[in-house]
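Summary of structural features
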Amino acid sequence: MTAKWVGRGWGVLAWLAGVVFFAPVAWMFLTSLHSETDAATNPPSIAAPLTLDGYAEFFDSGAWPPLINSFSASIGSTIIVLLLAIPAAYALSIKPVEKWTDVLFFFLSTKMMPVVAALLPIYLIAQFSGMLDNISFLTLLYCSMNLPIAVWLMRSFLSEVPKEILEAASIDGAGLLTILRRVVAPIAMPGIAATALICFIFSWNELLFARVLTGVVAGTAPVYLTGFVTSQGLFLAKVCAAAVVVSLPVLIAGFAAQDKLVQGLSLGAVK
């Protein structure tokens with residue numbers, strides 16, 4: 001009985017924690033359905049009439065190009081990162097190279113430098129190469145930012161692949177690319193999905209480099225979202241509508257891949 005009540009208590013605490021984290025999101029969504037007058041009241045009017053004017057103004061104000069830029073940079077960088085991280089993780093886990101621990105530490109050390117410290121050199125490189133306000137340069141930058149994390153994650157996932165299966169594939173005459181595509185990828189698919197989702201989220205949410213390196217042509221959705229805070233004031237309903245739209249791709253991707261995400265994140269936890 002004691003264990004049963006303890007379990008129920010933890011369940012209640014989990015629900016309360018979920019409500020606490022979900023409440024701001026629900027409030028933001030509700031505010032996005034109000035008019036600017038109702039959204040600006042203090043305290044906010046919960047029972048105010050609902051309207052989609054905030055979403056209409058958001059899309060009418062030119063939101064599609066930034067959204068397309070974010071999709072292009074996030075999806076493109078995620079695909080490139082996976083294409084590079086899977087062979088690298090294969091070399092570091094299934095067929096480890098000499099001093100592979102030093103290699104992993106080098107990958108991790110690239111994430112230790114503050115982002116602001118690299119901002120000016122990267123800006124000068126983009127300016128010198130004529131790649132300012134270019135979505136391709138931003139995609140390559142996101143690749144370099146996410147590749148160390150992807151290699152670390154994929155190594156832990158690929159280390160769980162049974163080596164007997166790989167040896168059998170080699171005996172049957174399969175080459176490296178065939179083994180990666182037809183043997184390793186299906187077995188490690190939960191880990192690949194988890195890594196892809198994490199890289200996509202990091203790329204989609206990135207703001208600092210996108211704010212500095214882009215302008216009119218290659219501006220991303222987070223950069224466009226900051227443009228609603230102007231000297232004329234804060235249009236709360238429109239900002240909440242924009243925040244909901246910008247958050248939806250990440251929420252949809254996480255919901256669609258939630259089963260593989262859980263499997264992937266727990267794949268290397270149990271021997």
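Residues numbered from 1 in each chain as written. Predicted model: local features only at pLDDT ≥ 70, side-chain atom pairs only at ≥ 80, totals over all residues. Heavy atoms only, no water.

Some points on the packing of helix α1 (residues 2-32) against helix α13 (residues 236-256)
Between α1 and α13, whose axes approach to 7 Å, the crossing angle comes to 120°. What the angle tells us is that α1 and α13 run oblique. Considering the relative orientation of α1 and α13, their crossing is left-handed. Here M28, F29, T31 and S32 of α1 lie close against α13, whose contacting residues are L236, A237, C240, A241, A243 and V244. (Axes fitted to C-alpha atoms, helices over the stretch in contact; angles between N-to-C directions. Helix = DSSP H or I, 4+ residues; strand = E, 2+ residues; numbered from the N terminus. Parallel < 35°, antiparallel > 145°, perpendicular 65-115°, else oblique. Left-handed = near helix turned anticlockwise from the far one by under 90°. Contact = heavy atoms within 4.5 Å.)

Re helix α7 (residues 135-158)
Along its 24 residues, α7 runs 32 Å from first to last C-alpha, staying within 8% of the 34 Å computed at 1.5 Å per residue. At N146, α7 shows its largest bend, some 40°, and a proline, P148, comes one to four positions later. You can read the cap of α7 off the contacts: a side-chain oxygen lies 2.8 Å from the backbone nitrogen of S136, and it is on N134. (Expected span 1.5 Å × (residues − 1). Bend = angle between axes of the 7 residues up to and from the residue. Polar contact = N/O pair within 3.5 Å; in protein donor to acceptor, adjacent residues only side chain to side chain.)

Here's the deal with unusual backbone geometry
Positive phi, normally seen in glycine, also occurs at D133, with a value near 60°. Summarising the element assignment, D133 is placed in the loop between α6 (115-128) and α7.

Some points on the side chain of S93
On the secondary structure map, S93 appears in helix α4 (residues 64-93). Within the structure, S93 has its side chain in polar contact with the backbone oxygen of A89 (distance 2.6 Å). Once residues lying within four places of it in the same chain are set aside, the contact partners of S93 are R155, L158, S159 and K163.

Describing the packing of aromatic side chains
Tallying each qualifying case throughout the model produces five aromatic pairs. With 5.1 Å between their ring centres and 70° between their planes, F58 and F59 make a pair best called edge-to-face. Residue classification places F58 among the buried residues on the basis of a relative accessible area of 1%. Site record: aromatic cluster; members linked through ring pairs are F58, F59, W64 and Y224. (Phe/Tyr/Trp six-rings, centres within 6.5 Å; stacked < 30°, edge-to-face > 60°. Buried < 20%, exposed > 50% of the residue type's maximum accessible area, 1.4 Å probe, protein only.)

Focus: the environment of Q127
Inspection of the secondary structure puts Q127 in helix α6. A sequence separation of 86 residues divides Q127 from L213, and the C-alpha atoms of the two residues are 8.9 Å apart.

So, the domain arrangement of the protein
According to the domain assignment, the protein contains domain 1 (2-55) and domain 2 (64-229 + 239-265). Look at where the C-alpha atoms of domain 1 and domain 2 centre, and you get two points 32 Å apart. Roughly 480 Å² is buried in total at the junction of domain 1 and domain 2, and carbon and sulfur atoms are behind 90% of that figure. Per-residue buried area on domain 1 facing domain 2 is highest for M28, S32 and Y55; these three make up 73% of the total on that side. The tally of links from domain 1 across to domain 2 stands at zero residue pairs in polar contact (both at pLDDT 80 or more). Of all elements in the fold, only α1 and α3 (53-60) reach the threshold of two or more residues within the side of domain 1 that touches domain 2. (Domains from an automatic or database assignment. Buried area = accessible area lost by both parts, 1.4 Å probe.)

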